[in-house]
Amino acid sequence: MIGFLSKGLLRDRSRSMFPILVITIGIAIVVLMEAYIAGALGTMYRSTAKFTTGHVKIQTRAAVEENAIGAADLSLLENQALLANLEKDAPDMNFHERIYFGALLDVPDSQGETRFQSTSLITAIDLLTERNEINNLNLKKSLQEGRLPEKAHEILLGQIFKDNIGLEIGDPITLIGGDIDGGMAVGNFTVVGTVRFGIIAFDRSSLIMDVTGAQEFLAMPDGATEIYGFYKDDQYFYHRPAALVDRFNARYSDVTEEFSPQMRMLEQQNQLEDVMVIYTNITGYINGLFVVIMGIVLWNTGLMSGIRRYAEMGVRLAMGETKRHVYYTLLIEAVLVGIVGTIIGTALGLVPAYFLQEIGFDISQMMGGAKMSIIFEDRIRALITESTFTAGIIPGILAPLFGALISGFGIFRRDTSRLFVELEV
Amino acid sequence: MKKISLLLGLLFLAGDLLAGPTALEIIRKMDALQNADNQVIISSMTIKGRRATRTIESKSWIQGTEKSFTEYLAPAREKGTKMLKVGGKLWTYYPRADRVVNISGHMLRRSVLGSDMSYEDMMERRSTEETYNAVLEDEEEIGERMCYRILMTAKVDDVAYQKVKIWIDKTRFIALKQELYAASGKLLKRLDTLAVMKTSKGWYPSHMRFKDVLKDGSGTEFRVKSILFNQKISKKRFQKGQLRR
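Only a predicted model underlies this, so the values are computations on that prediction, with no experimental measurement involved.

(A) Representation of empty space enclosed by the protein. Residue and element names in this part refer to chain A. Enumeration over the complete set of coordinates arrives at one cavity of 30 Å³ or more. The calculated volume of the largest cavity comes to roughly 40 Å³. Lining the largest cavity are Gln59, Ala63, Ala68, Ile69, Gly70, Ala71, Leu74, Thr225 and Glu226. Among the residues making up the lining of the largest cavity, the classes are represented as five nonpolar, three polar and one charged.

(B) Up close: the packing of helix α4 (residues 79-89) of chain A against helix α9 (residues 242-252) of chain A. Residues and elements named next belong to chain A. Where α4 meets α9, the closest approach of the two axes is 12 Å, and the angle between their N-to-C directions is 140 degrees. Crossing handedness for the pair α4 and α9: right-handed. Between α4 and α9, the residues in contact are Leu82, Asn85, Leu86 and Asp89 and Leu244, Arg247, Phe248, Arg251 and Tyr252, respectively. Broken down by class, the residue content of the contact of α4 with α9 amounts to five nonpolar, one polar and three charged.

(C) Broad picture of a nonpolar patch on the surface. All names here are of chain A. On the surface, Phe18, Leu21, Ile25, Ile29, Met33, Leu289, Ile293 and Val297 cluster together into a nonpolar patch covering about 710 Å² of accessible area. Of all the secondary structure elements, the ones that give two or more residues to the nonpolar patch are α2 (13-53) and α10 (272-308). Counting residues per element, the nonpolar patch draws most heavily on α2, which supplies five residues. Here Ile293 is to be found in helix α10. Residue classification places Ile293 among the partly exposed residues on the basis of a relative accessible area of 42%.

(D) Quick look at the interface of chain B and chain A. Tallying the contact residues gives 23 residues for chain B and 34 residues for chain A. Across the chain B to chain A interface the summed buried area is about 2,300 Å²; carbon plus sulfur atoms make up 46%. Looking at the side of chain B facing chain A, the largest losses of area belong to Arg50, Arg51 and Arg99 of chain B, adding up to 35% of the total buried there. Counting the contacts that link chain B with chain A gives five salt bridges. Salt-bridge contacts for Arg50 of chain B lead to Glu66 of chain A; the nearest nitrogen and oxygen are separated by 2.6 Å.

(E) The arrangement of helix α12 (residues 323-358) of chain A in detail. Over its 36 residues, α12 of chain A extends 52 Å from the first C-alpha to the last, a length consistent with the 52 Å expected when each residue adds 1.5 Å. One or two steps after α12 of chain A, the chain reaches Gly360 of chain A, where phi turns positive at roughly 75 degrees.

(F) Local environment of the side chain of Gln242 of chain B. Mapped onto the elements of the fold, Gln242 of chain B is located in the segment after β13 (220-229). For Gln242 of chain B, the residues in contact, after removing those within four places along its chain, are Phe69, Lys82, Lys236 and Arg237 of chain B.

(G) Seen up close, the pattern of salt bridges. Residue and element names in this part refer to chain B. Applying the stated criterion across every chain yields a total of 26 salt bridges over all chains. Here Glu139 and Lys170 are joined by a salt bridge, their closest N and O atoms 2.9 Å apart. Placement of the pair is Glu139 in strand β7 (residues 132-142) and Lys170 in the loop between β9 (163-169) and β10 (175-181), with a sequence separation of 31 residues. A residue is classified by how much of its surface remains accessible, and Glu139, at 36% relative accessible area, is partly exposed. Among the salt bridges present, the one from Glu140 reaches Arg149, with a minimum N-O distance of 2.5 Å. On the basis of relative accessibility, which here comes to 26%, the residue Glu140 falls in the partly exposed class.

(H) How the structure looks around the environment of Ile56 of chain B. Residues and elements named next belong to chain B. Note on placement: Ile56 falls in strand β2 (residues 53-63). Taking the relative accessible area as the measure of exposure, Ile56 reaches 1% and is therefore buried. Linking Ile56 and Tyr72, residues 16 residues apart in sequence, is a C-alpha distance of 7.0 Å.

(I) Focus on the pairing of strand β4 (residues 82-86) of chain B. Residue and element names in this part refer to chain B. Among the five residues of β4, four are classified as buried, and the element is accordingly described as predominantly covered. By the bridge criterion, five bridges tie β4 to strand β5 (residues 89-94) in an arrangement that is antiparallel. Residue pairing across strands places Val86 opposite Lys89, the latter belonging to β5. What sits between the antiparallel neighbours β4 and β5 is a turn of two residues, in which Gly87 has the positive phi angle 60 degrees.

(J) Geometry of the packing of aromatic side chains. Summed over all chains, the structure comprises nine aromatic pairs over all chains. On the basis of an interplanar angle of 50 degrees and a centroid distance of 6.4 Å, the ring pair of Tyr100 of chain A and Tyr228 of chain A is categorised as tilted. Taken as a pair, Tyr100 of chain A in strand β2 (residues 93-108) and Tyr228 of chain A in strand β9 (residues 226-231) lie far apart in primary sequence, 128 residues in all. With a relative accessible area of 1%, Tyr228 of chain A lands in the buried category. On the numbers, 6.4 Å between centres and 35 degrees between planes, the contact of Tyr148 of chain B with Phe173 of chain B is tilted. With Tyr148 of chain B in strand β8 (residues 145-154) and Phe173 of chain B in the loop between β9 and β10, this residue pair connects regions lying 25 residues apart in the sequence.

Rules behind the numbers
Residues numbered from 1 in each chain as written. Chains lettered and ligands numbered in written order. Predicted model: local features only at pLDDT ≥ 70, side-chain atom pairs only at ≥ 80, totals over all residues. Heavy atoms only, no water. 1 Å grid on protein atoms, 1.4 Å probe; cavity = no way out; pocket = protein on both sides within 12 Å on 5 of 7 lines; lining within 4 Å. Points joined across faces, edges and corners; volume = space filled by probe spheres on them. Nonpolar A, V, L, I, M, F, W, Y, C, P; charged D, E, K, R; others polar. Axes fitted to C-alpha atoms, helices over the stretch in contact; angles between N-to-C directions. Helix = DSSP H or I, 4+ residues; strand = E, 2+ residues; numbered from the N terminus. Left-handed = near helix turned anticlockwise from the far one by under 90°. Contact = heavy atoms within 4.5 Å. Patch = residues over 30% accessible without salt bridge, like charges linked within 9 Å, V, L, I, M, F, W, Y side chains within 5 Å. Areas by Shrake-Rupley, 256 points an atom, 1.4 Å probe, with all protein chains shown as cover. Salt bridge = Lys/Arg side-chain N within 4 Å of Asp/Glu carboxyl O. Buried < 20%, exposed > 50% of the residue type's maximum accessible area, 1.4 Å probe, protein only. Buried area = accessible area lost by both parts, 1.4 Å probe. Expected span 1.5 Å × (residues − 1). Pairing = 2+ DSSP bridges. Phe/Tyr/Trp six-rings, centres within 6.5 Å; stacked < 30°, edge-to-face > 60°.

This is the structure we're talking about:
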């Protein structure tokens, strides 16, 4: 029967053309929106992960509980053994030590006495080994002057910070802070370059150094405030590392030991779970809205089609076909129209989605031409995933079915004998 | 008539004697016992942190309330660090960086070597009488010692604590307990005297606990190992050049 109905749809194009066109356009929009939202979410995952959360992040339980940022006395210690175990346990990921801390930056004059002082936020990452994090923070692109650090006591300064202080590349600075035991931490460093992240707060007070320099400064040679984990394929999706997190915490995290490590995945940090839920809901709302709008359009189409097909319905009823069967065939026709519209719409939607994924939309000019790197990316990109291909299926079939369900209902209200008269059969 | 006048005079005198000292007199007496023209103190500071307890030993040369020079003797990480205060200025020398750093502005609110004490706590050089109005509130027992409880309210704006409650031993005239408050009335720091010692000038607090109540940990303990009053201190001691020596 499906073959018979398909032939009917193909031969009587006026019956299928408009509904398929409506569904095709609608599904193409849904597919493009799905890819765009996945891309935006992916950009957010990437940016947030690289700078603040990792795909997973390990801190001491005390640091997590107190939501401490840059508290050296709450650092993780004996990290090399932990990192070796992590590499075995999660071979699809890379793990990096990072240290965030605050210190007083003191600039000496020619006599070695204070010329300028300011508080500073220091980000210490692996800059010197082969597995460095230069790409994670996009440092090469952000570099404005000088070069990247090549030694433990070399630092990069935020461009605005450097301009405000009036420093030159090669000038010495002294950092004064608190070490892991709360003691005085003091060290001399050399400015070798400047970076611009496009974020005023960062460019005004940030400082980047190698993690070994920070470890020496804070008197914790095998310690770090945080360990970041990133998937080697750079792909992240909701709850991807859930099993790893459960395994790690069951093995290492002890509720009675405040300095034991605790792993959290991206969405467990910075209330990102809520953001993820909102994004997921937006996709659901778009699909729901599409079903309702398209359903109404197709209901109207079905009604018009029903009027046009009055004669056909009359003949079929006259020949003894039951009302239920006529209604049933209308629903199957709607599903067939939905399938065809979904396939064409998905294919059409994938074309702009692919271009948006590969080429992207440059927004750097909209952002004042600022060179962006860490938090924001300078191109909006879509992301085609498995769900891009399946996103149109439910709304594409539900919408015409919904329309046919309502418009076809009129068949049951027709009296057969009156129908003959009305239809002049 | 003469007899009546004499009787009234005696009554007023007895009243004055029975009334005891005023808050200001008590504060003056306490200040006189603790301050001297110059002092040389060897002391230790034990800082109890979350991860470790550190004891820092130091020697200080103090001249009045205007000048002081402190050299840290131990542990190795702090050894050689020196601090010079002259009037309202404070410099610290860090041997590891070979740098003399001026401590000023917001830096004054930072902790001294991770302790519960801030640089600001070290900087007050005016007498209590100059900076606070004092009111004798009551008498209270602190660790079996009867104390005067005095409430001091700042009469100048530029003091670190706008309100101070102080319990002063009635016979030894040393502070056994102090509570330091912000202008909002929030308790910021607490100082408890845990032991006292007899010096050539009188009683002196030899073991104190200073607690920043806004900070984790169980406070910083100061122990005075030795104190010498009115020693001859060279003028050079309070020159910046001494920091790098």
